[in-house]
Amino acid sequence: DVSGAFFNSIEYQQTGFFVYRLNVASYGVFPDFGLFMIDKGAVADGVIVGQLGWEQRLVENKNRFLQDWVQRSLFITLCGGTRSSSEFVDILLNNTHIPFTSEYREGLIADLDAKRKTQADVLLEMVENADFKRLEFNRAFVLMQYFGYLRRNPNDLPDSNFDGYYHWLNKLDQFNGNYIDAEMVKAFIKSPEYRSRFGAP
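Here we summarise the structure given alongside this text. (Residues numbered from 1 in each chain as written. Predicted model: local features only at pLDDT ≥ 70, side-chain atom pairs only at ≥ 80, totals over all residues. Heavy atoms only, no water.)

Across its full length, the protein chain holds 13 helices and 0 strands. In the protein chain, the succession of helices and strands from N to C terminus is α-α-α-α-α-α-α-α-α-α-α-α-α. Since a compact globule built from 201 residues should have a radius of gyration of about 17 Å, the 18 Å found for the protein chain is in line with a globular shape. Dimensions of the protein chain, computed from the C-alpha atoms along their principal axes, are close to 60 × 40 × 30 Å. Within the protein chain, buried positions represent 41% of all 201 residues. Sequence-distant contacts, at least 24 apart, represent 62% of the contacts inside the protein chain between residues at least 6 apart. Summing over all exposed atoms, the protein chain offers an accessible surface of approximately 10700 Å²; the carbon and sulfur share of this is 54%. If the 21 positive side-chain charges of the protein chain are averaged to one point and the 26 negative ones to another, these points end up 4 Å apart. (Helix = DSSP H or I, 4+ residues; strand = E, 2+ residues; numbered from the N terminus. Rg over C-alpha atoms; globule rule 2.2 N^0.38 Å. Buried < 20%, exposed > 50% of the residue type's maximum accessible area, 1.4 Å probe, protein only. Contact = heavy atoms within 4.5 Å. Areas by Shrake-Rupley, 256 points an atom, 1.4 Å probe, with all protein chains shown as cover. Lys, Arg positive; Asp, Glu negative; His and termini not counted. Charge placed at Lys NZ, Arg CZ, Asp CG, Glu CD.)

Here is the structure:
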């Protein structure tokens, strides 16, 4: 429950889960551990939930981070840059798998063409979409077990593929997101890899 509370906290949902969704929306894959930790730190910088002005600080951090994000070479190469508005929107819709109407798609394209919205604006709209958040919730939760407890990517050694990640994702889905019944968090805490970091038997 403590582990789940940290994942479900306002701070993590607005910082780490936000960065996770940016990666998926932009590139169709979840983030690399090392870069994720840096990016999450940038979004969370100075944000203390409950402290006076924290919401404004979070908005400013997100806006600053988004402007940097759309200028990154990887984003320009794989998603944005000089692509047409229709191509850009289609990449995001394909990566997020959110349900949409033709009117919604055409509206986004028209807004980009008319410069009423920037690529960063459209990306943020997709990232904050409620359906997208729901679709990615369990996937992000499992990934954070690897990032938080094992401090590595799911396919890093001693693993060599994503079999372990998908095992736990399937189990979490099977139990409708109930991580206690799925025994997922317990398994990570009791894993020899995690315990060896503390010299535990």
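Now that the structure has been shown, we can carry on.
This paragraph deals with the environment of Asp1. Following the sequence through the fold, Asp1 ends up in the segment before α1 (2-8). When the C-alpha atoms of Asp1 and Asn23 are compared, they prove to be 27 Å apart, with 22 residues separating the residues in sequence. If we skip the residues at most four places from it in the chain, Asp1 touches Tyr179 and Ile180.

Attention now goes to unusual backbone geometry. Between Leu157 and Pro158 the backbone carries a cis peptide bond, its omega angle lying at 15°. Following the sequence through the fold, Pro158 ends up in the loop between α10 (130-150) and α11 (163-174). The phi angle at Glu183 is positive, at roughly 60°, despite the residue not being glycine. By the secondary structure assignment, Glu183 is in the loop between α11 and α12 (184-190).

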